[in-house]
Amino acid sequence: MDYTQSQARAIATIDRNLQIIACAGSGKTQVISRRIVKILESKKDSGIKPANIVAFTFTEKAAGELKDRIQRLCFEHLGTDEGLAELYVGTIHAYCLNLLQQPPVYHYLKYSVLTEVQQRLLIDRNSKKSGLTETPLLDGRTLTRWVDSRVYQTLLSVLEEGGVKARTVPTAVREAAEKYRGLLDEKRYLDYSGMLSRAVAEVKSNRKLREKIKNSVRYLVVDEYQDVNPLQEALIREIADLGANLCVVGDDDQTIYQWRGSDVQNIITFADRYPRVKTERLNENFRSSKGIVFTARQVVEQNPDRLSKKMESTDAQPFERGDILALQFADIHKEARWIARKIEWLKGAKYRDQQDKPARGLTYSDMAILVRAWKDAAPIVEALRDAEVPYLGGGMKSLFDTAEVQAIREVFYFLASHTPSGCSATSAVSLRKSLGEGFPGLRKEDISAGLKFLQGIRKRIPLGNDNQLFLQRVYLDLLEALSVREERVGTKGRTGEVIFFNLGKFSQLISDFERIHFHSSPDSLYPNFAGFLEHQAADYYPEETEETAHARPDAVMVMTVHQAKGMQWPAVFVPCLRANRFPSRRQGGRTIWNIIPEKAVPNADRYKGTKEDERRLFYVALTRAEKYLFCSWAPIPDNQQQRRVSEFFTDLTQSEFVLGTDPSRLPPRLKPQARVADSPLPITFSELRYFFQCPYDFKLRFLYGFDSPVNRALGFGKSLHDALCEIHAESIRGNVPSIADVPNLVQNHLHLPFANEEVRKNSVRGAEKALRQYLKKHGEHLTRLEHAEKTIELKLAEGIVVSGRIDLIRRTDTNEIAIVDFKSGEDTQPQEMTRLQLQVYAAGYQKATGKDADLVEIHNLEVGHIHREQVKESVIQSTLSRVVDAGKQIRDLNLPKHAKWCDACHSCDMVGICRTKPVSV
DNA sequence: GGCTCACTCTTGGTG
DNA sequence: AGAGTGAGCC
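What you see is a predicted model, and the numbers here were worked out from it, not measured in a lab.

Draft legend 1. Highlighting the overall build of chain A. Broken down by element type, chain A carries 31 helices and 24 strands. Whereas a compact globule of 921 residues would reach a radius of gyration of roughly 29 Å, chain A reaches 29 Å, a difference of no more than 12%. Counting only C-alpha atoms and orienting by the principal axes, one finds that chain A spans roughly 80 × 80 × 65 Å. Counting the 921 residues in chain A, one finds 55% classified as buried. When contacts within chain A are restricted to residue pairs at least 6 apart in sequence, long-range pairs at least 24 apart make up 78% of them. Accessible area of chain A: about 39,400 Å², with a carbon and sulfur share of 48%. Within chain A, the 120 negative side-chain charges are centred at a point lying 1 Å from the centre of the 131 positive side-chain charges.

Draft legend 2. Structural context of the nonpolar core. Formed by 88 residues in total, the largest nonpolar core has its most connected members in F412, F439, F506 and F706. Contacts of F506, omitting those with residues within four sequence positions, involve F400, V405, I408, F412, Y475, F529 and L533. V54, Y108, L235 and L246 belong to the second-largest nonpolar core, a separate cluster that totals 41 residues.

Draft legend 3. Representation of the environment of G348 in the model. Structurally, the position occupied by G348 is in the loop between α14 (332–346) and β12 (350–351). Residue class for G348 comes out buried when judged on its relative accessible area of 4%. Linking G348 and P667, residues 319 residues apart in sequence, is a C-alpha distance of 8.9 Å. Excluding anything up to four places from it in sequence, G348 contacts G361, L362, P668, R669, L670 and P672.

Draft legend 4. Molecular detail of the packing of aromatic side chains. Across all of its chains, the model carries 38 aromatic pairs by this definition. When the ring of F582 is compared with that of F648, the centres are 5.8 Å apart and the planes differ by 75°; the resulting orientation is edge-to-face. Taken together, the residues F582 in the loop between β17 (569–574) and α22 (611–622) and F648 in helix α23 (residues 647–652) connect sequence positions 66 residues apart. For the pair F582 and F648, a shared accessibility class is recorded, and that class is buried.

Draft legend 5. Region of interest: unusual backbone geometry. For the peptide bond that leads from P103 to P104, omega is 5°, which places it in the cis range. Structurally, P104 is set in the loop between α4 (92–100) and β4 (112–113). In the segment running from F582 into P583, the intervening peptide bond is cis, with an omega of 5°. Tracing the backbone through its elements, the reader meets P583 in the loop between β17 and α22. Of note, N580 is a non-glycine position whose phi angle comes to about 70°, a positive value. Assignment of secondary structure puts N580 in the loop between β17 and α22.

Draft legend 6. Region of interest: the sheet that holds strand β7 (residues 245–250). Pairing is parallel in the open sheet, where six strands are placed in the order β3-β2-β6-β7-β1-β8. The sheet terminates laterally at β3 (88–91) and β8 (277–282), the two strands that pair on one side only. Pairwise comparison of adjacent strand axes, ignoring direction, gives a mean angle of 15° for this sheet. Bridge count between strand β1 (residues 17–22) and β7: four bridges; the pairing is parallel. Its bridge partner being in β7, I21 is matched across the sheet by G250. Lying on the sheet, α4 is in contact with β2 (53–57) and β3; it crosses β3 at an angle near 115°.

Draft legend 7. Spotlight on the environment of A377. The residue A377 is located in helix α15 (residues 377–386) in this model. Under the relative-accessibility criterion, A377 is labelled buried at 0%. In this structure the C-alpha to C-alpha distance between A377 and P575, which are 198 residues apart in sequence, comes to 9.4 Å.

Draft legend 8. The arrangement of the pattern of salt bridges in detail. Summed over all chains, the structure comprises 66 salt bridges. Here R181 makes a salt bridge to E160, at a shortest N to O gap of 2.7 Å. Here R181 is found in helix α7 (residues 171–187), whereas its partner E160 is found in helix α6 (residues 149–161), with 21 residues between them in sequence. Since its relative accessible area comes to 23%, R181 is described here as partly exposed. Overlapping salt bridges, with partners in common, bring together K28, D223, E224, D227 and K565 in one network.

Draft legend 9. Representation of the sheet that holds β17 in the model. Strand order in this open sheet of six strands is β11-β18-β17-β14-β16-β15, and the pairing throughout is parallel. The open sheet is flanked by β11 (324–328) and β15 (391–393), the only strands paired with a single partner. The mean angle between the axes of side-by-side strands here comes to 20°, regardless of whether they run parallel or antiparallel. Pairing between strand β14 (residues 367–371) and strand β16 (residues 556–560): four bridges, direction parallel. Bridging across to β16, V371 finds its partner in T560. The sheet contacts of helix α13 (residues 290–300) involve β11 and β18 (625–633), and relative to β18 the element is tilted by about 50°. Against the sheet, α14 makes contact with β11, β14, β16, β17 and β18, and its axis sits at roughly 160° relative to β18, the strand it touches most.

Draft legend 10. Fine view of the protein's contact with DNA strand C. In the vicinity of DNA strand C, the residues found are R141, N580, R585, R586, G588, G589, R590, Q641 and R644. Within 4 Å of the protein, the contacting atoms of DNA strand C are 59% sugar and phosphate, with bases supplying the remainder. In this structure, a phosphate oxygen belonging to DNA strand C sits 3.4 Å away from a side-chain N or O atom of R141. Interatomic distance of 2.6 Å between a side-chain N/O atom of R644 and a phosphate oxygen of DNA strand C. Of the residues contributing to the surface near DNA strand C, the split by class is no nonpolar, four polar and five charged.

Draft legend 11. Layout of the protein's contact with DNA strand B. What surrounds DNA strand B is a group of 29 residues, the closest being E60, E116, R372, W374 and T560. A breakdown of the atoms of DNA strand B within 4 Å of the protein gives sugar and phosphate a share of 55%. In the environment of DNA strand B, a phosphate oxygen lies 3.2 Å from a nitrogen or oxygen atom belonging to the side chain of T91. Between S584 and DNA strand B, the recorded distance is 3.2 Å, taken from a side-chain N or O atom to a base oxygen. Broken down by secondary-structure element, the contributors of at least two residues to the surface near DNA strand B are α4 and α8 (192–205). Here the surface near DNA strand B takes three residues from α4, the largest share from any one element. Among the residues forming the surface near DNA strand B, the class breakdown is 10 nonpolar, 11 polar and eight charged.

Draft legend 12. Representation of the pairing of β7 within the structure. Here β7 lies mainly inside the structure; six of its six residues are buried. Side-chain alternation along β7 places N245, C247 and V249 on one buried face and L246, V248 and G250 on a second face that is also buried. Here four bridges tie strand β6 (residues 219–222) to β7, and the two strands are oriented parallel to one another. When the bridges of β7 are listed, L220 appears paired with L246.

Draft legend 13. Local environment of α8. Helix length check: α8 (14 residues) gives 21 Å between terminal C-alpha atoms against 20 Å at 1.5 Å per residue, within 8%. The buried fraction of α8 amounts to 10 of the 14 residues, a majority that puts the element mostly inside the structure. For α8, the full list of buried residues reads S193, G194, M195, L196, S197, R198, A199, V200, E202 and V203.

Draft legend 14. Structural detail: the pairing of β14. Summarising burial for β14: five of the five residues are buried, a large majority. The alternating pattern of β14 places M367, I369 and V371 and A368 and L370 on opposite faces, both of which are buried.

Draft legend 15. Up close: helix α18 (residues 444–460). Along its 17 residues, α18 runs 25 Å from first to last C-alpha, staying within 8% of the 24 Å computed at 1.5 Å per residue. Each element contacted by the buried residues of α18 is listed here: α16 (403–416), α17 (428–438) and α19 (471–481).

Basis of the calculations
- Residues numbered from 1 in each chain as written.
- Chains lettered and ligands numbered in written order.
- Predicted model: local features only at pLDDT ≥ 70, side-chain atom pairs only at ≥ 80, totals over all residues.
- Heavy atoms only, no water.
- Helix = DSSP H or I, 4+ residues; strand = E, 2+ residues; numbered from the N terminus.
- Rg over C-alpha atoms; globule rule 2.2 N^0.38 Å.
- Buried < 20%, exposed > 50% of the residue type's maximum accessible area, 1.4 Å probe, protein only.
- Contact = heavy atoms within 4.5 Å.
- Areas by Shrake-Rupley, 256 points an atom, 1.4 Å probe, with all protein chains shown as cover.
- Lys, Arg positive; Asp, Glu negative; His and termini not counted.
- Charge placed at Lys NZ, Arg CZ, Asp CG, Glu CD.
- Core = buried A, V, L, I, M, F, W, Y, C linked by side-chain atoms within 4.5 Å.
- Phe/Tyr/Trp six-rings, centres within 6.5 Å; stacked < 30°, edge-to-face > 60°.
- Pairing = 2+ DSSP bridges.
- Axes fitted to C-alpha atoms, helices over the stretch in contact; angles between N-to-C directions.
- Salt bridge = Lys/Arg side-chain N within 4 Å of Asp/Glu carboxyl O.
- Near = heavy atom within 4 Å.
- Polar contact = N/O pair within 3.5 Å; in protein donor to acceptor, adjacent residues only side chain to side chain.
- Nonpolar A, V, L, I, M, F, W, Y, C, P; charged D, E, K, R; others polar.
- Expected span 1.5 Å × (residues − 1).

Dropping the structure here:
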C-alpha cells in the first residue's frame, strides 16, 4: 500500500505526541492501524508488546473494524498476531469498566451496569432517595416524579461529564446529585457516567492501579477525538501523565455529538495543552469524486472557528454531470416516490469501487437515505414499500402500536385490575377479543386456557410473595398456556417472526422493570407495572429500529445522519432539506437550564445546538457519498414551520457541480453485485454456549430478546467467581490469602440483588464453605499460578471472532500448564459444554502466548469435584471447526429448534414457547 | 421595522 | 413546558 507524505509522516511519528487532523475519507483507520503495527515492529527490542498499546474508539462497531485492520497488518508486517488479544481496542466506557472490575480494584466486581431505561426506572421508583423531587428549579419550584425524570437524567450526566465547576452549581442541586450517587452505591449500580467518573477517580487515587497503568500503557491512541467530553479527556490526561505516548485522531468539522457533551475545544487546543506535539493533516480524500469533495468543502467552510485545513480530491471516483442533484418537489410524497424510482435507476449502474479494480453493478446495499429526524423517514419508507424496494432501518412502528403488545398490555391491566383513564375496565370478554387480535392463528381453546391461567394468577396476587408471581414468570407461563409458537401465530402481513420479535422486546421491558421493582410485594408490583405500561413505557421504549444484528441483507439503509457517522456508500440521498428541520430548530420545554445557570457549564452553548453544529452534521451527510449525491426538499404546506427551503439546500446550489433538474441519462448497466465487505462477526463464548445447547434458544434470547425469569439466588455463582478472582490475583502478587480471610472475602463479594433473608443466609454459609474448602485443598497451588482472568480472542475462518475469559491458568506440580474453569451449583451447564469451552480456551491460550496448554480442569466449587483431561490437538481442531460451523449458522440466521424433546429442553427456560412437553416426561 | 400571536416540537453510543 | 419561528398587522 502506498501512503501519501503526510500519512507516512503520521505513521512514522511514534516518539512524540501526535495530533492527526483527518478529513473525511482520508484513510485514517489505515493510518492509525499501520502506526500501531509500526510501533510493534520498531519497539520490539525495547520490550513493547501488544499489551502496552491502548486504542479508544467511539463505538464498538468502529472498534471491530480497527481491530480487524490491525490484525491484517500485523500478519502482513510481523507474520503473526500473537498476543494481539491483549491490545485493547474498544470504547472508553468498556475500558473504564475493565479498570473497575479487574485487579487490583475489586470493589466494583459486584456492581452491574444500569442502562438508561433502568436508570430512569430507578430514579422514578426512588423519586426522593434519587434526589429527583429534591432538585430545585431556578425559579424555586422542584422537579416532579415521572414528568421530569428525563431532564434529571440529562442533568446528572452533564454534572458528571461536562466539566462543571461544583461551586457554580446551586447547593441543593449538588446535594440531590450526591443522593443519587449514594443510591447507586447502595444498590451496586454503575450508570454510564459512573463508569467513567469512578474509573477516573480510581486512576487518580489508587496507587496500585496507577502503578499498573504506568507499567502497561505505553501508547494511547484516541480515535474520533473531536467527540471526547471533559470527563473522558480527564481520563486521557491521566493516562498520558502516567507516561503514555498519546496520539489523537479527529476532524473538528465532524463534531456531531456536542449535545451529548463532546467538546470540540479538546482537539482545537490539543497542541497547546500537551508537550511535544507533532500535528499532521490528512487532507486528501480517497473516498469521493471531486464534485462531492468540492461541494462539501464549500458548505463547511462557511463555519468560523475551524482548524485550518483544506480537503482535497484525489478523484477517487470520476465525476459526471448529474451525479450530484439538488431537487425541489411539490410535496413530500412526490419527493419520496422520486427517491424510490431513482433507487431502481441506480440499481445495476456500472461502478468501480477502486479505479484499478473491475466494475460491477450497484445493488440496494450500496445506497443510503440519510434523514435529520426519524419523523422524516415515515413517508419515505412508505414509498419504498409501495415500490417494493427492500430497505433496512427506519422501522417506525412503535412497540405499543402492535396488536400483540397491546393485548399483553391489557393482560397486565387485567391482572392488576387497573383501569386506564378514558377506558373501561378490562374484562375477560374484552381480553378474549384482544388476545384473539394480538395472536391470530390461536384456537378458541388456546385463548380459554390462557384466560383460565390468568384468572388463577389474579386470585393469587393478594396472597403475597410467591415465585410463580414474578412478572417474567407469569409472562412466559401465559404464552405457554396460550400455546403461542412462532410457527402458529401470524397472518400474511404480520409474520410469526415479527410477533415474536415484539414479544421478545416486551420480555426485555419486563426484565428492566422487574429488576428495579423486585422487592415490591405483588399487590403493589402489579398496579405499579400497569401504571408504568399506561403512562411511561411507550415513551421509554420509543420506536423499533430493526436491529438485525447478525444478518446483512441486500437492502437500502434508511437512517439518521448521526448514525451514518463513519460509514460510506456509492450513492447517498439527503432528503427533507426544509427550514427548521435541517438545520433543526432548538427545542423548548423544561431543560437543565431551568435548573443550573449557564455559566456553571464551560462552553454551555455546545449542549444547545447551533447553526454551525447543524452545518457540520450536514457536512457529515454529504461526505458519506462516494459518487452519487441526491439532495432534495419539498414543502409541507400545512406545517407553518416547514414550508420553506433549508438554507443548506440553497448553499448547495452554489456549487458548480450541482444540477437542479434530473437529467436521467442512464449509466451503463452491469449485473448488480454486492461489494465484498467481510465484516467480522464477533461472538462471545457465553453466546456460543447458548447456541450449542439449542440454536433456537439462542434465537429467542439474542435475536428476539427474551429473558429468563429472575431467580432469588441469582448472583451466587458470580460472587464466588469474583472472590476467587481476588484470591488468584492477590496470590500472583505474592499475597496468598488464608482461610482466616474467607469471611471478609465473602462479605466483600457476595451480592445477591434478588435474595430474601433466608436465601442470603444460606448463601453466606455456602460461599464460606466453598471458599474454605478451595483454600484448604488448593492453597499450596496458589503459589504456582500463571494468570487469572486472561482474555482470549480467536479469529477463525469466515471472519468469526470468538472471545472469552479464562478463569485461571496454573502450573501443576508436574510442571504442566493447566487451564481451569470454575463452576458452582448454580451452573446447570452439562459437562460436555464445559469441555468444549475449555478446548476453545486452550486454543485461545495457544494463540495468546504461543505456548501449548497441557491440561484442562473443571472445578466444581460446591461439590469440590475436579474433572481433568489432557489437551489433544486433534480434539481442539474438531472443536474449532464446530465453532466455525456455529458462527456460519448464526450469520445465516439458521437457528432451528431441536427435532424433538431432549436433554436441553429439560433445563430450558424458553421451552414453554417452543414446544409442548411430551406426556411421558 | 417592530410587535403580537398562533403554531410547533431532534439527534442516541456506552456493558 | 416553553423557546423559537413566521405570518399578519400596524
